[in-house]
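# Secondary and tertiary structure notes
Below are the chains, spelled out letter by letter.
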Amino acid sequence: ASFVIISEDGFTIAQIGPIAEDYDQHLLNHFSQNLHFQSPFLRLAFDELRKRHIPQDIQDFLILSPVFRSGDKDYLSRVINAFWQKDYLVSSCLMIPLVEDTIRNLYRINGLSFIRKSEDGAGYDVLSLKKLLDKGLVKEVFQSIGDNVEYYFKVLLTARVGWNLRNNFAHGINKNSFLGEDVANRLMHVLFCLSLIKKHPKPIEVK
């Protein structure tokens, strides 16, 4: 069946046709709903993590990955402390720019461009997070699980039919969702996924 996704202001965010004609969008929506259903399990995992570790432990672990720059330490500390204190609005709103810059840093450390010429021709703009994810570097970096990780990031961060957290944050849409624990848990999980990336002597070439 066809259906539409409506914003909190009542306008249409996305239209999804019958599954035979619009399979990819149905899959996105199904995956997005599954992430909501799985939220209680992620909540339990982070509750247990708080019992076993202090924020400094997590910061020390994350900063080992080259996707975080040395200048990120203070920022990362603020993110983790807010998350540990369950100040989800602060932690989520700080994590989204950090996630975007971290993915952009993947391009930096692999010697790949993350800019494009501005429309007015007066300079250059950084590529949007959607374009960075579409270029395939995340998929290449995570190798055998790359397709799944890239899809997960897209559903959470940039897909209109998904959670679309990056764009909702940037445009002030569905603001109250950033007060919630489930959004913060997912964003923290993205940071943990990115922290798994380690240096390799040969830069990756995106096909």
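Residues numbered from 1 in each chain as written. Predicted model: local features only at pLDDT ≥ 70, side-chain atom pairs only at ≥ 80, totals over all residues. Heavy atoms only, no water.

This part is about the environment of Ile-16. Tracing the chain through its elements places Ile-16 in strand E2 (residues 12-16). Spatially, the C-alpha atom of Ile-16 lies 8.8 Å from that of Val-161, the residues being 145 residues apart in sequence. (Helix = DSSP H or I, 4+ residues; strand = E, 2+ residues; numbered from the N terminus.)

All right, on to the nonpolar core then. Counting 54 residues, the largest nonpolar core has Ile-103, Phe-153 and Met-188 as its most contacted members. Counting residues per element, this core draws most heavily on helix H10 (residues 181-195), at nine residues. In this structure, Ile-103 is in contact with Leu-129, Leu-132, Leu-133, Val-138, Phe-153 and Leu-194, ignoring residues within four places of it in sequence. (Core = buried A, V, L, I, M, F, W, Y, C linked by side-chain atoms within 4.5 Å. Buried < 20%, exposed > 50% of the residue type's maximum accessible area, 1.4 Å probe, protein only. Contact = heavy atoms within 4.5 Å.)

With that settled, the discussion passes to the layout of surface pockets. Quantified by volume, the largest pocket comes out at close to 530 Å³. Surrounding the largest pocket, 24 residues form its lining, Ile-13, Gly-162, Trp-163, Asn-164 and Asn-168 being those nearest its centre. Listing elements by their share of the lining of the largest pocket, those giving two or more residues are strand E1 (3-6), helix H1 (23-37) and helix H9 (165-171). Counting residues per element, the lining of the largest pocket draws most heavily on H9, at five residues. The class makeup of the residues in the lining of the largest pocket is nine nonpolar, twelve polar and three charged. (1 Å grid on protein atoms, 1.4 Å probe; cavity = no way out; pocket = protein on both sides within 12 Å on 5 of 7 lines; lining within 4 Å. Points joined across faces, edges and corners; volume = space filled by probe spheres on them. Nonpolar A, V, L, I, M, F, W, Y, C, P; charged D, E, K, R; others polar.)

Before going further, it helps to spend a moment on the packing of aromatic side chains. For the structure on display, the rule yields nine aromatic pairs. Considering the side-chain rings of Phe-83 and Tyr-88, the 6.2 Å spacing of their centres and the 70 degrees angle between planes classify their relative orientation as edge-to-face. Ring centres of Phe-142 and Phe-153 lie 6.5 Å apart, and the angle between their planes is 85 degrees; this geometry places the pair in the edge-to-face category. Residue Phe-142 is found in the loop between helix H7 (137-141) and helix H8 (146-157), and its partner Phe-153 is found in helix H8; the two are separated by eleven residues along the sequence. (Phe/Tyr/Trp six-rings, centres within 6.5 Å; stacked < 30°, edge-to-face > 60°.)

Worth remembering: the numbers are spatial, not functional.
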